[in-house]
Amino acid sequence: MHLEYDGGAGLAAARKLRPVACVLDIGLPVVTGTEICRKLREFGDWTPVLFLTARDDEVDRILGLEQGADDYLTKPFSPRELVARVKAVLRRTAGPPEGERVRQAGEVVLDPGRRTVHAGGEPVALTPTEFDLLAHLLGRPGRVFTRDELLASVWGYAAHAGTRTVDVHVAQVRAKLGGYGAVIRTVRGVGYTAALVAFPLALRAANSQARRGLADKAQIAADLIGTRPREVGQQRLTQELRRQGIEAYLVRDGVLVGQGARLPDRIVTTLAAGQPVHDETALINGHVLLVEAQPLPGTPGSGVVLTERAVTGFGAVTVLNRLWLALIAGLLAGAVAGALLARRLARPIRNAAGAAMRLSAGDRSVRLVPEPPAEVEELAHALNGLAAALATSEGRQRDFLLSISHELRTPLTTIRGYAEALADGVVEPDGAVRTGQTVLAEAQRLDRLVSDLLALARLDAVDFPLSVLPVDLVELVGDVGRTWTPRCTAAGVPLRVELPPAPVLVPTDPGRIRQVLDGLLDNAVRVVPAGTPVVLALYPQAGYATVDVRDGGPGFTDADLSVIFERGAMSQRYQGVRKVGSGLGLALAYGLVRRLGGTIEAGHAPEGGARFSVRLPVYQPRTSH
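Residues numbered from 1 in each chain as written. Predicted model: local features only at pLDDT ≥ 70, side-chain atom pairs only at ≥ 80, totals over all residues. Heavy atoms only, no water.

1. Describing the overall build of the chain
Then, number 1: Scanning the chain from N- to C-terminus turns up 19 helices and 22 strands.
Then, number 2: Expressed as a percentage of the 625 residues in the chain, the buried residues total 40%.
Then, number 3: The long-range fraction of contacts in the chain, counting pairs at least 24 apart against all pairs at least 6 apart in sequence, stands at 61%.
Then, number 4: When the accessible area of the chain is evaluated, it comes to approximately 33400 Å², of which 57% is carbon and sulfur surface. (Helix = DSSP H or I, 4+ residues; strand = E, 2+ residues; numbered from the N terminus. Buried < 20%, exposed > 50% of the residue type's maximum accessible area, 1.4 Å probe, protein only. Contact = heavy atoms within 4.5 Å. Areas by Shrake-Rupley, 256 points an atom, 1.4 Å probe, with all protein chains shown as cover.)

2. Section: the side chain of Thr435
Then, number 1: Structurally, the position occupied by Thr435 is in helix α14 (residues 432-458).
Then, number 2: Judged by its relative accessible area of 5%, Thr435 falls in the buried class.
Then, number 3: Excluding its chain neighbours within four sequence positions, the residues that come into contact with Thr435 are Tyr418, Leu422 and Val427.

3. Points about unusual backbone geometry
Then, number 1: Geometrically, the link from Lys75 to Pro76 is a cis peptide bond, its omega value of -5° lying close to zero.
Then, number 2: Mapped onto the fold, Pro76 is located in the loop between β3 (71-74) and α4 (79-94).
Then, number 3: Of note, Val30 is a non-glycine position whose phi angle comes to about 75°, a positive value.
Then, number 4: When you line up the elements, Val30 lands in the loop between β1 (22-24) and α2 (33-42).

4. Side note on the environment of Ile220
Then, number 1: Inspection of the secondary structure puts Ile220 in helix α8 (residues 200-227).
Then, number 2: A residue is classified by how much of its surface remains accessible, and Ile220, at 51% relative accessible area, is exposed.
Then, number 3: Once the C-alpha coordinates of Ile220 and Gln294 are considered, the two residues, 74 residues apart in sequence, prove to be 9.3 Å apart.

5. As for the sheet that holds β3
Then, number 1: Pairing is parallel in the open sheet, where 3 strands are placed in the order β1-β2-β3. At either margin of the open sheet sits one strand with a lone partner, and together these are β1 and β3. Across the sheet, the mean angle separating the axes of adjacent strands is 20° when strand polarity is ignored.
Then, number 2: Relative to strand β2 (residues 49-53), β1 is paired through 3 bridges, and the arrangement is parallel. Bridged to Cys22 within β2 is Val49.
Then, number 3: Against the sheet, α2 contacts β1 and β2, and its axis sits at roughly 175° relative to β2. (Pairing = 2+ DSSP bridges. Axes fitted to C-alpha atoms, helices over the stretch in contact; angles between N-to-C directions.)

6. A closer look at the pattern of salt bridges
Then, number 1: For the coordinates displayed, the defined rule picks out 20 salt bridges.
Then, number 2: With a shortest N-O distance of 2.9 Å, Glu149 and Arg143 are connected by a salt bridge.
Then, number 3: A relative accessible area of 28% means that Arg143 is categorised as partly exposed.
Then, number 4: The closest approach of N and O atoms between Arg526 and Asp522, which form a salt bridge, is 2.6 Å. One end of the pair, Arg526, and the other, Asp522, are both in helix α16 (residues 510-527), 4 residues apart, so they sit about a helical turn from each other.
Then, number 5: Members of the salt-bridge network, linked through shared partners, are Arg496, Glu498, Asp548, Arg550 and Glu607. (Salt bridge = Lys/Arg side-chain N within 4 Å of Asp/Glu carboxyl O.)

7. So, the packing of aromatic side chains
Then, number 1: Counting across every chain of the model gives 4 aromatic pairs.
Then, number 2: Plain terms: the ring middles of Phe51 and Tyr72 are 6.0 Å apart, the flat faces sit at 75° to each other, and that makes the pair edge-to-face. A residue pair is termed long-range when its members are at least 10 positions apart, and Phe51 in strand β2 and Tyr72 in strand β3 qualify at 21 residues. For the residue pair Phe51 and Tyr72, the accessibility class agrees, reading buried in each case.
Then, number 3: Grouping aromatic residues by their ring pairs yields a cluster made of Phe556, Phe565, Tyr590 and Phe612.
Then, number 4: Sitting over the face of the ring of Tyr544, Arg615 holds its NZ or CZ atom 4.2 Å from the ring centroid. (Phe/Tyr/Trp six-rings, centres within 6.5 Å; stacked < 30°, edge-to-face > 60°. Lys NZ or Arg CZ within 6 Å of the ring centre and 35° of its normal.)

8. Some details on the packing of helix α5 (residues 128-139) against helix α6 (residues 147-155)
Then, number 1: Relative orientation of the contacting elements α5 and α6 amounts to 120°, with a least axis distance of 10 Å. Taken together, the axis directions place α5 and α6 in an arrangement best described as oblique. Where α5 crosses over α6, the handedness of that crossing is right-handed. Residues Thr129, Asp132, Leu133, His136 and Leu137 of α5 form the contact with α6, whose participating residues are Leu150, Ser153, Val154 and Trp155. (Parallel < 35°, antiparallel > 145°, perpendicular 65-115°, else oblique. Left-handed = near helix turned anticlockwise from the far one by under 90°.)

9. Description of empty space enclosed by the protein
Then, number 1: Counted by the stated rule, this structure contains 2 cavities of 30 Å³ or more.
Then, number 2: Space inside the second largest cavity adds up to approximately 40 Å³.
Then, number 3: Grouping the amino acids of the lining of the second largest cavity by side-chain chemistry returns 8 nonpolar, no polar and no charged. (1 Å grid on protein atoms, 1.4 Å probe; cavity = no way out; pocket = protein on both sides within 12 Å on 5 of 7 lines; lining within 4 Å. Points joined across faces, edges and corners; volume = space filled by probe spheres on them. Nonpolar A, V, L, I, M, F, W, Y, C, P; charged D, E, K, R; others polar.)

10. So, the environment of Thr129
Then, number 1: Within the secondary structure, Thr129 sits in helix α5.
Then, number 2: Judged by relative accessible area, which is 1%, Thr129 ranks as buried.
Then, number 3: When the C-alpha atoms of Thr129 and Pro48 are compared, they prove to be 8.4 Å apart, with 81 residues separating the residues in sequence.
Then, number 4: A distance of 2.6 Å separates a polar atom in the side chain of Thr129 from a polar atom in the side chain of Asp70. (Polar contact = N/O pair within 3.5 Å; in protein donor to acceptor, adjacent residues only side chain to side chain.)

11. Quick word on helix α15 (residues 473-490)
Then, number 1: Taking 1.5 Å of rise per residue, 18 residues should cover 26 Å, and α15 covers 26 Å from first to last C-alpha, within 8% of that figure.
Then, number 2: Bending of α15 peaks at approximately 35° at the position of Trp484, with proline Pro486 no more than four residues after it.
Then, number 3: Inspection of α15 places Leu473, Val474, Leu476, Val477, Gly478, Val480, Gly481, Trp484 and Cys488 among the buried residues, and these make up the whole buried set.
Then, number 4: Gly492 sits one or two residues past α15 and shows a positive phi near 75°. (Expected span 1.5 Å × (residues − 1). Bend = angle between axes of the 7 residues up to and from the residue.)

12. Some thoughts on the sheet that holds strand β9 (residues 184-187)
Then, number 1: In spatial order, the strands read β8-β10-β9; together these 3 strands make up an open sheet with antiparallel pairing. Looking at which strands have only one partner, the edges of the open sheet turn out to be β8 (145-146) and β9.
Then, number 2: Relative to strand β10 (residues 191-194), β9 runs antiparallel, the two sharing 4 bridges. Of the residues in β10, the one forming a bridge with Thr186 is Tyr192.

13. A closer look at the confidence of the model for the chain
Then, number 1: Per-residue confidence for the chain gives a mean pLDDT of 78, with 80% of residues at or over 70.
Then, number 2: Taken as a whole, residues 198-202 scores under 50 in pLDDT and shows 2 contacts with residues more than four places along the chain or in a different chain.
Then, number 3: Residue range residues 313-320 is modelled with pLDDT below 50. Its contacts to residues more than four positions away, or to other chains, number 11 contacts. (pLDDT = per-residue confidence, 0-100.)

14. Overview of the pairing of strand β6 (residues 116-119)
Then, number 1: Across 4 bridges, the pairing between strand β5 (residues 108-111) and β6 is antiparallel. Within the sheet, the bridge partner assigned to Asp111 lies in β6 and is Thr116.
Then, number 2: Hairpin remark: β5 followed by β6, antiparallel, with 4 residues in the connecting loop; positive phi at Arg115, about 55°.
Then, number 3: Taking the residues that link successive antiparallel strands as the turn, the β6-strand β7 (residues 122-123) hairpin has 2 residues, and the phi of Gly120 there is positive, at about 65°.

15. Observations concerning the nonpolar core
Then, number 1: In this structure, Leu473, Leu517, Leu520, Leu521, Leu536, Met570 and Phe612 are the most contacted members of the largest nonpolar core, which totals 44 residues.
Then, number 2: Elements supplying a minimum of two residues to this core: α15, α16, β19 (534-541), β20 (544-551), α18 (569-574), α19 (585-595) and β22 (610-617).
Then, number 3: Discounting chain neighbours no more than four positions away, the residues touching Phe612 are Leu520, Val547, Asp548, Val549, Phe556, Ile564, Phe565, Leu586, Glu601 and Ala602. (Core = buried A, V, L, I, M, F, W, Y, C linked by side-chain atoms within 4.5 Å.)

Structure representation (structure tokens):
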């Protein structure tokens, strides 16, 4: 087993080491897991790929499978399930036993022994999972398989996460087969089947007649060549047969004669033994051919082989289907054009009404082309603006939920893994203490995340707990500085605390303000390099007091500053680039300061990094007159 910690090194290792399987996380730094899978497939590398990630959204699963992945497992997961899935992928790539018969549906031909697929005579490149799926369907054409049956037979397990995996792989196989993809048909509400070729009785009769004619020609050719072995006569015979759509091959002393000639070894071996070949079917150059062979009389180890294309009807069915589709499409287009022409004056209003209904149903891709009159144009612009705003808002919410899901699943996976190790007796007695410490640390991490989520959820509630008191900020900020100095020193980061000489009283909740400052300092110490300063400063102003947390770290761009207090925004942007948290801290700090009647803003620090300024109103004592 080989392990890499970033996507760039992982891609280089996969191309160099040629592993039997790859397990990838999607959120890898430098190069993402989906990008690694896509590049491997572009290089023609069909190594089985399994994604192991916390992203369990349906869109992420579909994108991963469409990039060429063979399986997708989400956190938290059982290590035993991961091992079972890897074994299932490796079993699929081993392929079926040699000697299994060629499978065909129309112009689609699958050879399990060689693990090749041809459509219309052209080779088709399929991943191991796609090949096994097509082979399973072609093994029993006309038989309808449910999605659960396909998951159990092809993937080797029952996917509790859903059957979307089957749909994605079927779509990929159809796309690669091109015009022959209709060989896989959908049975709505049930599953999929390989289409039976139209007119099977007629085709069987035609092929039987062709075999009889080919057998007669093979016998005649063997007699002629055996009695008249002149080369000129053989060439004339070969040309005449070719005009009839028949290819002739000659075997001399157990060797196939002619450059570029290709026949299955079993046919040449049978002829060399002096035995004829009857009713044989072979896959040659991507086509299914009827084969008849006769040994030459009086010439041991020699014979003549004739091949002819088998009769198939799938092409005719495809053309007929396309013709009907074209006729139906033409009729529909005419009907739609007439209806649109009749309602031309009311169209803009109807479009706006339809767009509003689609927006209410959750479709955020709605966009209207503004059309006169002016009032309708204004309505179209308003609906377009609303759709864009909703899409942006929901996209940010989805990114936030993905980030939180990842943050919650990671400690859950660690706890589950150690718990299973303890249950299985894998952990030695001298390692129990360290295991317990790890589980405790991950549990505490989960507790902090859940506490932050609860606080964010209750920020706008009327009963959110606040204890507003007259607080001396000089004393509070000094305590924060004394608490954080040892930690900063251990990290090699100098902490500078700047305080005014006189007390600064503000009406606030000391616990909540301490929570805000601790969070800002934690963010700063996490990202700044060793030797880079962190500054905690208090500035009294007219009517207000400002507490600054500044650092000399990487800072933020102007684009970052516009969304910096949105939930999960910075975590999403810098995941894998720098050390980031759950993305909740800044959103929580913003909400707490606002509830306390203050403001918080972010900017560029004179030290070169980020600056966060918390501004609170100064305490105004009551006076009597």
